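Secondary and tertiary structure notes
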Amino acid sequence: MIVEVNLGSRSYRIVVASGELQSVGQRLRDLRLGARTALVSDAAVMRLYGKSVVASLEAAGFIVTTIDVPEGEAAKTLAIAQHCWDRLLTAGLDRTSTVLALGGGAVGDVAGFAAATYMRGINFVQLPTTVLAQVDASIGGKTAIDHPLGKNMIGAFHQPRLVVVDPAVARTLPEREFRSGLAEIVKHGIVLDAAYFAELERDLAPLAARDLEVLERIIGGSCRLKASVIERDEREAELRHVLNYGHTIGHALEASTGYARYTHGEAVALGMVAEARLARQLGIADDETTARQERMLDALGLPVLAPAIDVEPVVTAMARDKKGKDGRIPFVLAPRIGEFRLVYDVPAAQIRAAIASLAS
Ligand SMILES: NC(=O)c1ccc[n+]([C@@H]2O[C@H](COP(=O)([O-])OP(=O)(O)OC[C@H]3O[C@@H](n4cnc5c(N)ncnc54)[C@H](O)[C@@H]3O)[C@@H](O)[C@H]2O)c1
Ligand SMILES: [Zn+2]
């Protein structure tokens, strides 16, 4: 499947196909990019997939420098960005060169940030290897490192020239990591596409079992949905808020538990449950719309209950994280599956009740 992301002069394609990592060199050559490339990855992903990507690039005539970064969030620091810049400079990359990110969202974020800033921005290619990175982080051009005072606080918009999604690599993900990525897929269905959500309901079992044909179709469908949002709102004006479904409460849940209790996807699953219930409390959605979301998340092994939840720290974290205009917290709510509505000024008591409802 090929998804075109139409952004004028910054347009690019997302190629979704099993085994496609072996064609990266050819695809890069088609874009007529300079000979020098740098492949950024962590040791674990490099061990699994690095060799075949390097071989593909070299076979297509590219000169490859590999840059090793730590696994996970530890990669997203100024020191690691500096390490990337150092390596790009010593390897002689110039403005025609390309940085490729092979890995999860963290590798994509730091490599993208290095590419965005090196010589005021050079070519960047995403080779996402987690489900979360494939359907979410690699698409849209947001790059960032963390600051001691907050995650993703330092960054730039820098669209990739190409995204190559190889769904087969999802089969080596640890189970918890895999399921967490599915939360973003479910999110896309709930707020953007009722037919896609129904497809998920139908294909739950083979999806959970990582059947390759189903993975490719579902991951490809989710890339298409995210791309359609980016095309209409590249820089996060209004529409891109839709991607925050489940995240307003989900982020707060993550932050208030020190990023230790839940993975991002698990927190977003709980956030979606709470926000679905909020929509029902406000009379925006009916019981069945809420129930379908909970059934889906539960069937995919994502949490729908947070038995010992402490409401106040979540509310405090949410106020700190607020992304709204004039400090108002905008909630993306789903009146029906496949539709969304941006709601401001939700009464605080209703928000508290929705979060508290996660206890049972
Ligand atoms: N830029 C954006 O728009 C955006 C969007 C969402 C999230 N993010 C960022 O993404 C990050 C989270 O990304 P993530 O969930 O992909 O995790 P991650 O990048 O933090 O870590 C992934 C882990 O899985 C391992 N791994 C990766 N692919 C594998 C594979 N195929 N098989 C086995 N192991 C594999 C890696 O070695 C690593 O340990 C956060 O830093 C978040 O801020 C960015
Ligand atoms: Zn998310």
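Residues numbered from 1 in each chain as written. Chains lettered and ligands numbered in written order. Predicted model: local features only at pLDDT ≥ 70, side-chain atom pairs only at ≥ 80, totals over all residues.

This paragraph deals with the site of ligand 1. Inspection of the region around ligand 1 gives 27 residues, with G104, G105, A106, T130 and A137 positioned closest. Looking at the shell around ligand 1, its residues break down into 10 nonpolar, 9 polar and 8 charged. (Near = placed C-beta within 6 Å. Nonpolar A, V, L, I, M, F, W, Y, C, P; charged D, E, K, R; others polar.)

What follows covers helix 10 (residues 247–256). Among the 10 residues that make up helix 10, 9 are buried, leaving the element largely enclosed by the rest of the structure. Among the residues of helix 10, those classed as buried are H247, T248, I249, G250, H251, A252, L253, E254 and S256. Residues of helix 10 that are buried sit in contact with helix 11 (264–281), helix 13 (311–321), strand 10 (331–333) and helix 14 (348–356). Once helix 10 finishes, G258 follows within two positions and takes phi at roughly 65°, a positive value. (Buried ≥ 20, exposed ≤ 12 C-beta atoms within 10 Å, placed from the backbone. Helix = DSSP H or I, 4+ residues; strand = E, 2+ residues; numbered from the N terminus. Contact = placed C-beta atoms within 7 Å.)

Take the packing of helix 10 against helix 11 next. Contact geometry for helix 10 and helix 11: axes closest at 7 Å, N-to-C directions at 130°. Looking at the two axes, helix 10 sits oblique to helix 11. Relative to helix 11, helix 10 is oriented so that their crossing is right-handed. Residues H247, T248, I249, G250, L253 and E254 of helix 10 touch helix 11, and the partners they reach there are H264, A267, V268, L270, G271, A274 and E275. Its residues assigned to classes, the contact of helix 10 with helix 11 comprises 6 nonpolar, 5 polar and 2 charged. (Axes fitted to C-alpha atoms, helices over the stretch in contact; angles between N-to-C directions. Parallel < 35°, antiparallel > 145°, perpendicular 65-115°, else oblique. Left-handed = near helix turned anticlockwise from the far one by under 90°.)

Glancing now at unusual backbone geometry. You will see that R120, though not glycine, has its phi angle at about 65°, which is positive. With respect to the helices and strands, R120 occurs in the loop between helix 4 (105–117) and strand 6 (123–128).

What follows is about the domain arrangement of the protein chain. For the protein chain, the assigned domains are domain 1 (2–172) and domain 2 (175–359). If you average the C-alpha positions of domain 1 and of domain 2, the two centres end up 27 Å apart. Elements with a minimum of two residues in the side of domain 1 that touches domain 2: strand 1 (2–5), strand 2 (12–16) and helix 5 (131–137). Per element, the largest residue contribution to the side of domain 1 that touches domain 2 is 5 residues, and it comes from helix 5. Taken together, the residues that form the side of domain 1 that touches domain 2 break down as 15 nonpolar, 5 polar and 2 charged. (Domains from an automatic or database assignment.)

Looking now at helix 6 (residues 175–192). Counted at 1.5 Å a residue, the expected span for helix 6 with its 18 residues is 26 Å, and the 26 Å between its end C-alpha atoms agrees. Burial analysis of helix 6 places 15 of its 18 residues in the buried class, the great majority of the element. (Expected span 1.5 Å × (residues − 1).)

Moving on, we come to the sheet that holds strand 5 (residues 98–103). Spatially, 1-2-9-6-5-3-4 is the arrangement adopted by the 7 strands of the open sheet, whose pairing is mixed. The open sheet terminates on both sides in strands that have one partner only, identified here as strand 1 and strand 4 (63–68). On average, each strand axis in the sheet is tilted by 15° relative to the strand beside it, whichever way the strands run. Bridge count between strand 6 and strand 9 (residues 162–165): 2 bridges; the pairing is parallel. Across the sheet, residue Q126 finds its bridge partner in strand 9, namely V163. In this fold helix 2 (residues 43–59) packs onto strand 3 (36–41), strand 4, strand 5 and strand 6, with an angle of close to 170° to the strand it touches most, strand 4. Where helix 4 meets the sheet, its contacts fall on strand 3, strand 5 and strand 6, and the angle it forms with strand 5 comes to roughly 170°. (Pairing = 2+ DSSP bridges.)

So, about the environment of Y245. Within the secondary structure, Y245 sits in the loop between helix 9 (212–232) and helix 10. In this structure Y245 comes out as buried when scored by C-beta crowding, with 25 C-beta atoms within 10 Å. C-alpha separation for the pair Y245 and V332, spaced 87 residues apart in sequence, amounts to 5.3 Å. When neighbours within four sequence positions are excluded, Y245 is seen to be in contact with K187, I190, V191, M272, E275, V332, A334 and F340.

Another point: the environment of D203. Residue position: D203 is located in the loop between helix 7 (194–202) and helix 8 (204–208). For the pair D203 and V214, spaced 11 residues apart in sequence, the C-alpha to C-alpha distance is 7.4 Å. Other than its neighbours up to four places away in sequence, D203 contacts V214 and I218.

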